[in-house]
Amino acid sequence: MILQKYTQVTFTEDSVGYGSSSSTPNRLPKAVASHLNNILKPLSPIEPETVIVASGITAIGSMLSFTLAEPTDGILVSRPVYGRFELDYGVEADVQIVYADTDPEEAFTPAVVDKYEAALKRAEENGTKVRAVLIVNPHNPVGKYHL
C-alpha cells in the first residue's frame, strides 16, 4: 500500500460549500462575518470573503486536517471533548488527535496551559509533530463558553 504525502490542498467554496446558485451574493458569509465581528471584536475585521460554509463539523474537521497538517502529524485539544474529532481529522487525512486531559471547569482558564504543554511534550516524545491547537468554543460536552 502506498501512502501519498499531501503537501498542499486547496479548498474553494465550489468544492466544499453550499454556495449561492443565483447571481445575488450569498448572504450567509456576510451574516457570519458580521456576527463574529460583533461578539469577538477582532483587531482586524473578519471579511465575508474569508468565511467558508460547509455541510457540518465533520466536513470542516476534514478540511482543516488536510490544510493544517501532514499525515501522522497531530492536533492538540483538551479533553473531555466531542468524541468524533479522531474520526473527523484522522480517517481521510491520517491526522492524530493529541489530548490534554483537563478538568471540565478548566476549559478556558490559564490552568489549561500546563496541561497543553504536558500533552505537547508527550506527543513530541512519541514522534508526533503537533501542528495546531483546536479550541472548542462553546465547549462540547461541558457547555462552557468564552467570549
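Treat the numbers as computed from the prediction; the structure is a model and nothing was measured.

Taken as a whole and judged by the stated rule, the model has 4 salt bridges. Across the salt bridge formed by aspartate 73 and arginine 131, the nearest N and O atoms sit 2.9 Å from each other. On the criterion of sequence distance, the pair formed by aspartate 73 in the loop between α3 (57-68) and β1 (74-79) and arginine 131 in strand β3 (residues 130-134) is long-range, its members being 58 residues apart. A relative accessible area of 7% means that aspartate 73 is categorised as buried. Between arginine 79 and aspartate 101 there is a salt bridge, and its shortest N-O distance comes to 2.7 Å. Within this pair, whereas arginine 79 is found in strand β1, its partner aspartate 101 is found in strand β2 (residues 96-101), the two being separated by 22 residues in sequence. The exposure class of arginine 79 is partly exposed, given its relative accessible area of 35%. When its relative accessible area of 42% is taken as the criterion, aspartate 101 is described as partly exposed.

For the rest of this paragraph, the subject is the sheet that holds β3. Spatially, β2-β1-β3 is the arrangement adopted by the 3 strands of the open sheet, whose pairing is parallel. Each edge of the sheet is formed by a strand with only one pairing partner; in this case those strands are β2 and β3. Neighbour to neighbour, the strand axes of the sheet diverge by 30 degrees on average, direction disregarded. Pairing geometry for β1 and β2, over 6 bridges, is parallel. Among the inter-strand pairings, serine 78 is bridged to a residue of β2, identified as alanine 100. In the packing of helix α5 (residues 112-125) onto the sheet, the strands contacted are β1, β2 and β3, and the crossing angle to β2 comes to about 140 degrees.

Thresholds applied
- Residues numbered from 1 in each chain as written.
- Predicted model: local features only at pLDDT ≥ 70, side-chain atom pairs only at ≥ 80, totals over all residues.
- Heavy atoms only, no water.
- Salt bridge = Lys/Arg side-chain N within 4 Å of Asp/Glu carboxyl O.
- Helix = DSSP H or I, 4+ residues; strand = E, 2+ residues; numbered from the N terminus.
- Buried < 20%, exposed > 50% of the residue type's maximum accessible area, 1.4 Å probe, protein only.
- Pairing = 2+ DSSP bridges.
- Axes fitted to C-alpha atoms, helices over the stretch in contact; angles between N-to-C directions.
- Contact = heavy atoms within 4.5 Å.

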